[in-house]
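# Secondary and tertiary structure notes
Here's the letter readout for the chains.
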Amino acid sequence: MARIFRRSILWLVPVVVIPLAALLVIQYRFLRTLESKTVSAQRSWLRDSAEHVAEDIDQYYRGAALRALSLERDCLCQNSVLADHFRGKPVDGARTFFVVHFDGPHAYYSYFSPDGIAKTLPQDEEQAVKLATVTWHVAHKLKRAIPHPPLSVDERDDRNRIIMRPVVDDSEHVLGVAGIIFDEVSTRAAMLAIGTRSIATHYKSDAASLRLLIDDHLVRSRDFRSQPLSFVFTNWRLGVKDLCASPEELGALSFKNNMMLGGGVMIVLFGAIGLAIQAASRQMKLSQMKSDFVSNVSHELRTPLASIRVFGEYMRLGRVTSDDKVREYGEYIEAESRRLTQLINNILDFSKIESAEKKYKMAETDVVELAHDTTCAFAMPLREKGFQVAFTAPATQLPPLTIDGDAIAQVLMNLLDNAVKFSNGNKSVDVIVSGDAESVRIAVHDRGVGIPADEQKKIFEKFYRVSSGLVHDVKGSGLGLAIVSHVVKAHGGQVEVASALGEGSTFTIVLPTEAA
Ligand code: ADP
């Protein structure tokens, strides 16, 4: 059985360990692929975010510029109406609104601040306006029709970027131009504010971790995914970065977390397999012990029964005539019956202990007398076989104990039985009772085979029998010491064992007194 089991553990290597190792390798490769996919997914997510935000900014400027630059042709010369109009149609980042009214070869310029106040312009700004509007002046002079006046952008002067729109009459001829000159600093701030709002609308909970930047050098930054603006400030790029982690860090983090998770699952799995093997091995051992127990007990039952039957038959057939022989056979029958009774008592007691039904009838008892009577009853039939069981009473009177007398007597019988069974030809056994105010000690000392040190604890387990050396040949149920230990513990005491291989063993029952 053990060999099969050991073989079955070896089978675990190809059946469990190799597939698990293969799974681990597959998982590692899969997670590496996942890591690179995560990096590119995060990159494209950031790029998409940049695209969205840049689109929203462009849309804002198209819409706001269209609203601000859609003028009625009648109001081209009415400065107060123009001032009201520009005040009511603000465009974020605008520095100056301007209107140019063409009249043949002449052009008349009006300038307004964002809050609608007429203003004069520094020379460079004025130059930029003239340069930007000159093509519309040409169109006016040539009376070219402009069916749907478009928004156009002039970015030739970096510091004075212009969005403008022609104003046309009913026959779609250019009458003038309205325009906006942008201030770089306030436009950048305005664009960032628009972008932040856009991110908050599109990405809700993720928005807090995203950072925006608008710059003309962003292409060189590795951290930001960027997108150029397409309407105005077209040399600027809008960049988005995840503050929590860069795509590479995120990929590495997801790889690490997944690996740790996978590793954790593997450890739990191996632990569970280990525990299952341990439990299976314990079960195998127990079942082995149980089958040994059945064969040992049947032997233990059959041997005394056979003797009793043979001696009984002799006596029935009248083959025994002398009184001495009749007494001798009678003693045999009595001794074998006692052995049988003890074995059956042990089995019954064990089943009661196992099902927690064992009850103890506690009564005040003279332990010395109990130990003496039990020893004598046990020793008498053994005397014929040459066994000497010496009883030593304590030097002083011991206090009576409240114990279950029958149970303690059975414990002593079990210890004496073992002392005789494992005597290995040394037929002298001692029972020594001693004690003090705290405890009473009953020691059974033999000079038999002894017990190996590493087995001295295990022998108190149910069905456990030392399987090596001489002990191997002695039959038994493996229940005696389990019952001894249980009964003594139920009395609040303990069993001590002192033994050396080949020199004998001393089992001592220590029972506490009431004073203790
Ligand atoms: P059993 O005696 O029926 O085998 P026990 O539970 O009484 O079962 O004892 C368990 C084992 O402890 C024995 O099989 C034996 O190996 C060992 N043992 C117990 N008492 C002694 C002893 N006095 N000397 C040597 N070995 C002992």
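Scroll up to find the structure this text is about.
Reading guide: rules and limits
Residues numbered from 1 in each chain as written. Predicted model: local features only at pLDDT ≥ 70, side-chain atom pairs only at ≥ 80, totals over all residues. Heavy atoms only, no water. Helix = DSSP H or I, 4+ residues; strand = E, 2+ residues; numbered from the N terminus. Rg over C-alpha atoms; globule rule 2.2 N^0.38 Å. Buried < 20%, exposed > 50% of the residue type's maximum accessible area, 1.4 Å probe, protein only. Areas by Shrake-Rupley, 256 points an atom, 1.4 Å probe, with all protein chains shown as cover. Phe/Tyr/Trp six-rings, centres within 6.5 Å; stacked < 30°, edge-to-face > 60°. Expected span 1.5 Å × (residues − 1). Contact = heavy atoms within 4.5 Å. Near = heavy atom within 4 Å. Polar contact = N/O pair within 3.5 Å; in protein donor to acceptor, adjacent residues only side chain to side chain. Nonpolar A, V, L, I, M, F, W, Y, C, P; charged D, E, K, R; others polar. Patch = residues over 30% accessible without salt bridge, like charges linked within 9 Å, V, L, I, M, F, W, Y side chains within 5 Å. Salt bridge = Lys/Arg side-chain N within 4 Å of Asp/Glu carboxyl O. Lys, Arg positive; Asp, Glu negative; His and termini not counted. Pairing = 2+ DSSP bridges. Axes fitted to C-alpha atoms, helices over the stretch in contact; angles between N-to-C directions.

## A short note on the overall build of the protein
- Within the protein one finds 9 helices and 15 strands.
- Against the globule reference of 24 Å for 516 residues, the protein gives a C-alpha radius of gyration of 53 Å, more extended than a compact globule.
- Expressed as lengths along the three principal axes of its C-alpha atoms, the size of the protein is roughly 165 × 55 × 35 Å.
- Across the 516 residues in the protein, those meeting the buried criterion constitute 40%.
- Summed over its atoms, the accessible surface of the protein is roughly 28,300 Å², and 56% of this surface lies on carbon and sulfur atoms.

## Here we look at the packing of aromatic side chains
- On inspection of all chains with the given rule, the structure shows 13 aromatic pairs.
- With a centroid separation of 4.8 Å and 15° between ring planes, the pair formed by Phe311 and Tyr332 is classed as stacked. Taken as a pair, Phe311 in helix α5 (residues 247-316) and Tyr332 in helix α6 (residues 323-354) lie far apart in primary sequence, 21 residues in all.
- Residue Phe311 is classed as buried on the basis of its relative accessible area of 14%.
- The partly exposed category is assigned to Tyr332, whose relative accessible area is 36%.
- Connected via pairs of aromatic rings, a cluster forms that spans Tyr60, Tyr61, Phe182, Phe233 and Trp236.

## A word on α6
- If you check α6, its first and last C-alpha atoms are 46 Å apart, about what 32 residues at 1.5 Å a residue would give, namely 46 Å.
- Turning to α6, its buried residues are Tyr329, Ala335, Glu336, Leu340, Gln342, Leu343, Asn346, Asp349, Phe350 and Ile353.
- Tucked inside the fold, the buried residues of α6 contact α5, α7 (367-383), α8 (405-421) and α9 (480-490).
- Positive backbone phi, at 60°, marks Ala356, one or two positions downstream of α6.

## Remarks on the site of the ligand
- Around the ligand, the surrounding shell holds 20 residues, and the nearest of these are Asn418, Asp446, Arg465, Ser477 and Leu481.
- At 3.0 Å from an oxygen atom of the ligand is found a main-chain nitrogen or oxygen belonging to Gly478.
- Between the ligand and Leu481 there is a distance of 2.8 Å, counted from an oxygen atom to a backbone nitrogen or oxygen.
- Classifying every residue of the shell around the ligand gives 10 nonpolar, 7 polar and 3 charged.

## Regarding a nonpolar patch on the surface
- A cluster of nonpolar side chains, namely Val13, Val17, Ile18 and Phe270, defines an oily patch on the protein surface of about 330 Å² accessible area.
- The element contributing the most residues to the nonpolar patch is helix α1 (residues 2-69), with 3 residues.
- One can find Phe270 in helix α5.
- Judged by relative accessible area, Phe270 falls into the partly exposed class, the value being 40%.

## Some details on α7
- Over its 17 residues, α7 runs 24 Å from end to end, which matches the ideal 24 Å to within 8%, given 1.5 Å per residue.
- Those residues of α7 lying buried are Val367, Val368, Leu370, Ala371, Thr374, Thr375, Phe378, Ala379 and Leu382.
- Here the buried face of α7 lies against β9 (363-365), β10 (388-392), β11 (401-403), α8, β12 (428-435) and β13 (439-445).
- Two or three places before Val368, at the opening of α7, Asp366 has a side-chain oxygen 3.1 Å from that residue's backbone nitrogen.

## Side note on the side chain of Arg225
- Tracing the backbone shows Arg225 in strand β7 (residues 225-228).
- In this structure Arg225 is buried but unpaired, with Glu248 as the nearest side chain of opposite charge at 5.1 Å.
- The residues contacting Arg225, other than those within four sequence positions of it, are Arg43, Leu46, Arg47, Ala50, Leu238, Gly239 and Val240.

## Here's the deal with the sheet that holds strand β6 (residues 210-215)
- In spatial order, the strands read β6-β8-β7; together these 3 strands make up an open sheet with antiparallel pairing. In this open sheet, the two edge strands, each paired with only one partner strand, are β6 and β7. Each adjacent strand pair in this sheet contributes to an overall mean axis angle of 20°, direction not counted.
- Judged from the 6 bridges that link them, β6 and strand β8 (residues 237-242) form a sheet pairing that is antiparallel. In the sheet register, Arg211 faces β8, and the bridge partner there is Lys241.

## Quick look at the pairing of strand β15 (residues 504-512)
- Taken across its 9 residues, β15 has 7 buried, putting it largely inside the fold.
- One ladder, built from 7 bridges, connects β13 with β15; its direction is antiparallel. In the strand pairing of β15, His445 is matched with Thr506.
- Strand direction decides the pairing type here: strand β14 (residues 494-500) and β15, joined by 7 bridges, are antiparallel. Each bridged residue has a counterpart across the sheet, and for Glu496 the counterpart in β15 is Thr508.
- Between β14 and β15, which follow one another and run antiparallel, lie 3 residues, and Gly502 among them has a positive phi close to 80°.

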